[in-house]
Every structure is written in structure tokens, then in C-alpha cells.
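What the coordinates show
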2 protein chains.
Amino acid sequence: MIDLATFEHPAVTTINGKHWFHELSEEAFPGQAFSLEIEEVLYHTKSAFQDILIFKSSKFGNILVLNGIIQCTERDEFAYQELITHLPMFSHKAPKRVLVIGGGDCGVVRELIKHSNVVDNITMVEIDDMVIQLSIKYLPQMAKFHNHEKVKIVIDDGFKFLSNLSQVDESEKYDVIITDSSDPEGPAEEFFQVNYFKLLSNSLRKNGIVIMQSSENIWLNLDYVSDLKHKAQKVFPNVEYSQCYMPSYTSGQLGLLIATHDVENNLKVPTRDITEENEITDKFKYYSEKVHEASFVLPKWADSQINK
Amino acid sequence: MIDLATFEHPAVTTINGKHWFHELSEEAFPGQAFSLEIEEVLYHTKSAFQDILIFKSSKFGNILVLNGIIQCTERDEFAYQELITHLPMFSHKAPKRVLVIGGGDCGVVRELIKHSNVVDNITMVEIDDMVIQLSIKYLPQMAKFHNHEKVKIVIDDGFKFLSNLSQVDESEKYDVIITDSSDPEGPAEEFFQVNYFKLLSNSLRKNGIVIMQSSENIWLNLDYVSDLKHKAQKVFPNVEYSQCYMPSYTSGQLGLLIATHDVENNLKVPTRDITEENEITDKFKYYSEKVHEASFVLPKWADSQINK
């Protein structure tokens, strides 16, 4: 067990006798921080790829932090996991083969399993096995389907995995690819470049859909978000930007970029009639048809730049 | 000038040599805090009503803090000011007389002035004159219309002001009443009770609309938000809950409760055709017709409790 009184970390301070973790990033969001009170530090290490900190917070359950950035809290993780999963899954008519790049906490896999009447095959490619193992131990509600019969976990660099895929048959490609990576500062850097969109494109079946977290948000860096969309548009003719609203992500929100080659598919509304899918949707806490549509509505100034 | 190196405040700490303000509240949001880096403390006092802190942040401009709670930052204040103002203003056919309870930073007044082709009379009732005077000095872009010819400022307790109003003629009552108060912990406590909704009701003209900030949000305390809506429903037959998404409010969002006696008025869509109001809407950064509608869409679990 780690003694909190002597635990030293540049982002942990004491305020009024209580220990707080501050999410700080001079590069990504200087001058602002989301802070959580720590009840107990559960684990801290440097893996081969990144600094991993797991602590029990006083009010948000267990928290996974990679390179100083909060990846998920047990209290609000469902918002992000549901939106990044169900947006593409309900925008696709019959998503049978699904690929997850990253997603080591296995939260996206958990959401995908809700679609088991449609999905045949879920492959998750995570670079850092330690994130998976720690999630199984400390985030059991997120990782509970890591060994489900439809799930295949590959420990590899997602970029490399996709590079090898480009050669394979259409049948081995994917209907939906979800990039649930960490931010560009770290091992996920190459996921935010045009070449990555090309790889995604080559790995998709006809009418396939990709989605990824955009790392920044409209308040922090609208130019970055707008540029990222332009990069995607160099490869995909149909690209949209959606937002997930939740307390533990910087500025209380995180952007998602969704794209497809199918110009007929209006990604802003579910393609399938979700009211007929009670078996799936009964289990949702965040996602609904209305949430799907509203997630694409941006404040006027951001909309006029991103969607011009 | 206040020397930051020797400035002592329970919510200000030093991290890696930089000074940070932490928004802390054991009552309202234990265990979580939004933190901003301080560049310079501009003013700190205890007025007759509350603790007032104004500082220049490194990235969010000047910040007004009342009783330790961030009221506004120059960087994102427009989101809240626009939504709380334009939701009721565009939900009403012809809002001629408007009352603002609180709103000492004068941001709502600034937004109301954009409707000057419709509005005849704006009255603002703020209990703490010092907040107005400090906003004129330190938040000049927010307070710029405090002395506009259509604006009358009354320094008084909003609750008392409304109590005296109940007797007056219909003609002296209001089409729109915006309660832009601080949270219940402090002088604004009585704004969150059934009696306040009764006072509002008595002060409204036929088909009038009221709106107020809900203090809590769905992530912090869904029961509280739900109870507040029930309190409003004891007085008004038509009540809806909307959300504003912005970085500097707790959890990245703030709820707004909007209500009217007019059961025919669908508050979730603008009543007036806002596309014909370019003269007004050209000046908006946050509000649009789509933002109006989407602000009422809640995550599924919250929707099923609040809108059941």
C-alpha cells in the first residue's frame, strides 16, 4: 500500500489537510486544471510507454491517470464510453466486425458487448498491456468483458496493426473502427495525422465508419479541432464533430470526430431505428436518439468555424 | 496592488512555483474543484453581503469570485449570459418589460440590450452595489451597458423587491424575469424555494416567462435539480430544464430552469423566427436556434428522472 502522507507527485498537493490531484498540462491546457480529492493512491508506476497513476478519489470512485491526464473516473466514464461507441454503432446498418484502437480500460468493449445480437467480432489493439491488467484489477466494472468470447485482444501499436491490415481481404476489414486513444502527448501522437486517417480508410469495409476522440475541445483550441477535421476530410468526404459533456474531462467536454466514405449517411442521426432495440438501449445511461443528435450541435462561434 | 507572494487565501495554493485558485465547496461539490492559475490578485474584500475576490488569471481573463465560487470569467462568460437571456427572450412573442434579479456583473443586461428593438424597459435588482462597481472597473466588457437609457438599476434584496411588486398593476409587471443569482449558500438562499416561484408568478404579466440558474447540475446532485423543478411545478404548469456547457462552471455545465403559465408555449424551441432577427443574432457567439433546442436534451439517466 502507498502511504499518501509521504507520496510525492508533481500534480499532488495538500489543501486544508486534504490531498488533491491536479490535472495539469502546460502544452494542452495551460492555466486551468480539474482537481480531485484523493482518498488513497492505489498504484503508481512507469510502464514501458507511460506514467500510470491509479487512485481512489473521495467522490468519483477509482481514477486512471496516464501521463498526468485523467483517462476515466468510475463516476462518469459511462458518458464517454457510451457516446464514442453507440454513435458509430447506431450510424451503421449492420456493424458485424468492430476494431478498437487503444481502449485499454476495456470500457468501449463493454459497450460493444451490448450490441452482441449484431456484432460477430470485436478486436481491441492496445499498446500497453499493463493498462489492461490494471483496469481488470482496479476498474472491474469497465473491464468486465475483456475475456468475452467475441473479444480478441491484441497487444500491439495500433498504427502498426493498421499498416499490416491494408493488404488483407475486404472480409477481414472492419465495419466500425473506434480510436479510443490517449492524447497526442505520448504514445498516441501518430493517431492525429492525415496518415492515420489513410490507414483507417484502408482498413474499412464499404460504408464503414470511424470515430476517434479529438483530444482538444472547442474552448481550448478551436483551431486544432478545426484542423483535425480538415485532416480527416482529406481522406473522408463525410466528417462530423460531436461533443460529449462530462465533469472529468478538461473543460467538461470532449470532442469526437466521426467519418465515413458513405456520403448518403447522415451521421448526425441514428441510421437504425433505436426504439426497436430496447434490448440494447435499456442498458444505456447516457446515449439516446436525442443525445445522438444534440451531440453535434455546437455553440454558434465554434459551429461557424468547424462546420463552415 | 496586492502582492501575490504574500497573499493568503484558503483556496489559493502554489504548484510548481505558480499560484492557483481552487474552487472548493464541501457543501455543494465535495471532492472536486476547478482550478485557475492566478496572474495577479486585483481585489479582495468582504462586502456587507459576501467575500469578493477578483483576480487576473493566466488564460481566462479577469475572474469574479463570490464566497469562493467562480461567477464569471472573461473568456467564457458569454455562454451563460447568452443562454440565460436569449432562451426566455426568444421564447416570448414580445418581451417589452424585463426584470433581472441579481446579475450584478451586468452581463445579462448587456445581452438584453441586443434586443433593444423589442425591449422598452430593463430593471436590474442587485443586493450588493459593490459587485456592480467592481464589475464596471474589472469586467468592463460585461458591465458596459449598466448606464444605458433603457436600464434602471435598483440596489435591493430581490426577494423584498418582488414582495412589494405583487400589489401593482398588470402594466407594471414583467414579460420576462431572469434570476441571475449566486448559489444558495449565501445571500441568494431564498431564491431556491417555492415561495420565490410564487413571488415570480405574481410579478409576471400574462404569458410571462421566468428563468433562473439551478445552482447544482445533474452530475452533482440530480435529486436537488429534480426537486427544484418540482418546486417550480407547484406554481407553474410549464417548466423545463436546460443546460449551458462551459469550462468555468462546476462539472463544465450549469442548469437553467425556465417556466411559464402558458401551457401552449413550447419553451424548447424559439417562439419567434430568429432567422429574421439578424440584427440581433449576428452579435451572438453561443446562442442559436439549434443551441436553444439542444440545451434541453439531457443524458438518458438524467432525462428519465427530471422529465418523467
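Residues numbered from 1 in each chain as written. Chains lettered and ligands numbered in written order. Predicted model: local features only at pLDDT ≥ 70, side-chain atom pairs only at ≥ 80, totals over all residues. Heavy atoms only, no water.

Focus on the relation of the copies chain A and chain B
For the pair chain A and chain B, the best superposition has an RMSD of 0.0 Å and corresponds to a rotation of 180° with a translation of 0.0 Å parallel to the axis. Between the two chains, the operation in question is that of a two-fold axis. When C-alpha positions in chain A are compared against the rotation axis, the closest is assigned to A:Gly252, at 2.0 Å. An overlap of 100% is found between the interface residues of chain A and their copies at the interface of chain B, pointing to a shared contact surface. (Least-squares fit on C-alpha atoms with pLDDT ≥ 70 in both. Contact = heavy atoms within 4.5 Å.)

As for unusual backbone geometry
Phi at A:Asn16 takes a positive value of approximately 45°, unusual for a residue other than glycine. Its place among the elements puts A:Asn16 in the loop between β1 (12–15) and β2 (18–23). The class of A:Asn16 is exposed, set by a relative accessible area of 59%. In this model, B:Cys106 sits at a positive phi of 70°, which is unusual for a non-glycine residue. With respect to the secondary-structure elements, B:Cys106 resides in the loop between β7 (97–102) and α2 (107–113). (Helix = DSSP H or I, 4+ residues; strand = E, 2+ residues; numbered from the N terminus. Buried < 20%, exposed > 50% of the residue type's maximum accessible area, 1.4 Å probe, protein only.)

Examining the side chain of B:Ser35
Along the polypeptide, B:Ser35 turns up in strand β3 (residues 32–46). Since its relative accessible area comes to 0%, B:Ser35 is described here as buried. Side-chain polar atoms of B:Ser35 contact the side chain of B:His22, separated by 2.7 Å. Apart from residues no more than four positions distant in its own chain, B:Ser35 is found in contact with A:His22, A:Gly31, A:Gln32, A:Ala33, A:Ser35, B:Trp20, B:Phe21 and B:His22. (Polar contact = N/O pair within 3.5 Å; in protein donor to acceptor, adjacent residues only side chain to side chain.)

Let's talk about the UniProt feature "active site" (unreviewed entry) in chain A
Residue and element names in this part refer to chain A. Per the UniProt record, the feature "active site" (unreviewed entry) sits at Asp-180. By secondary structure assignment, the location of Asp-180 is in strand β10 (residues 174–180). On the basis of relative accessibility, which here comes to 8%, the residue Asp-180 falls in the buried class. Contacts of Asp-180, omitting those with residues within four sequence positions, involve Tyr-80, Gln-81, Ile-101, Gly-102, Gly-103, Asp-105 and Val-108. (UniProt positions renumbered as here; feature names shortened; annotations may be inferred.)

Notes on the domain arrangement of chain A
Residues and elements named next belong to chain A. Taken domain by domain, chain A consists of domain 1 (12–73) and domain 2 (77–306). Spacing between the C-alpha centres of domain 1 and domain 2 amounts to 24 Å. With 24 residues of domain 1 in contact, the opposing surface of domain 2 contributes 23 residues. Of the roughly 2,100 Å² buried at the junction of domain 1 and domain 2 (both faces included), carbon and sulfur atoms supply 63%. The interface formed by domain 1 and domain 2 contains zero salt bridges. Run the count over domain 1 and domain 2 and you get eight residue pairs in polar contact (both at pLDDT 80 or more). Those elements giving two or more residues to the side of domain 1 that touches domain 2 turn out to be β3 (32–46), β4 (51–57), β5 (62–66) and β6 (69–73). Across the side of domain 1 that touches domain 2, the residue classes tally to 14 nonpolar, eight polar and two charged. (Domains from an automatic or database assignment. Buried area = accessible area lost by both parts, 1.4 Å probe. Salt bridge = Lys/Arg side-chain N within 4 Å of Asp/Glu carboxyl O. Nonpolar A, V, L, I, M, F, W, Y, C, P; charged D, E, K, R; others polar.)

Here we look at the interface of chain A and chain B
Accessible area lost upon the coming together of the parts serves often as the stated size of an interface. Chain A puts 46 residues into the contact, and the matching count from chain B is 46 residues. Summing both sides of the interface, chain A and chain B together bury roughly 3,700 Å²; the carbon and sulfur share of this comes to 64%. Looking only at chain A, the three residues that lose the most surface to chain B are A:Gly31, A:Trp219 and A:Lys300, adding up to 19% of its buried area. One can count two salt bridges joining chain A with chain B. A salt bridge links B:Glu26 to A:Lys18; the nearest nitrogen and oxygen atoms lie 3.2 Å apart. Taken together, the connections running from chain A to chain B amount to 19 residue pairs in polar contact (both at pLDDT 80 or more). The element that contributes the greatest number of residues to the side of chain A that touches chain B is β3(A), accounting for six residues. Here the residues of the side of chain A that touches chain B sort into 25 nonpolar, 11 polar and 10 charged.

Some thoughts on the pattern of salt bridges
Residues and elements named next belong to chain A. Tallied over the full model, the rule gives 18 salt bridges over all chains. Between Asp-175 and Arg-205 there is a salt bridge, with its nearest N and O atoms 3.1 Å apart. Here Asp-175 is found in strand β10, whereas its partner Arg-205 is found in strand β11 (residues 204–213), with 30 residues between them in sequence. Relative accessible area serves as the criterion here: at 5%, Asp-175 is assigned to the buried category. Each of Glu-77, Arg-110, Glu-111 and Lys-114 takes part in salt bridges that share partners, so that together they form one network.

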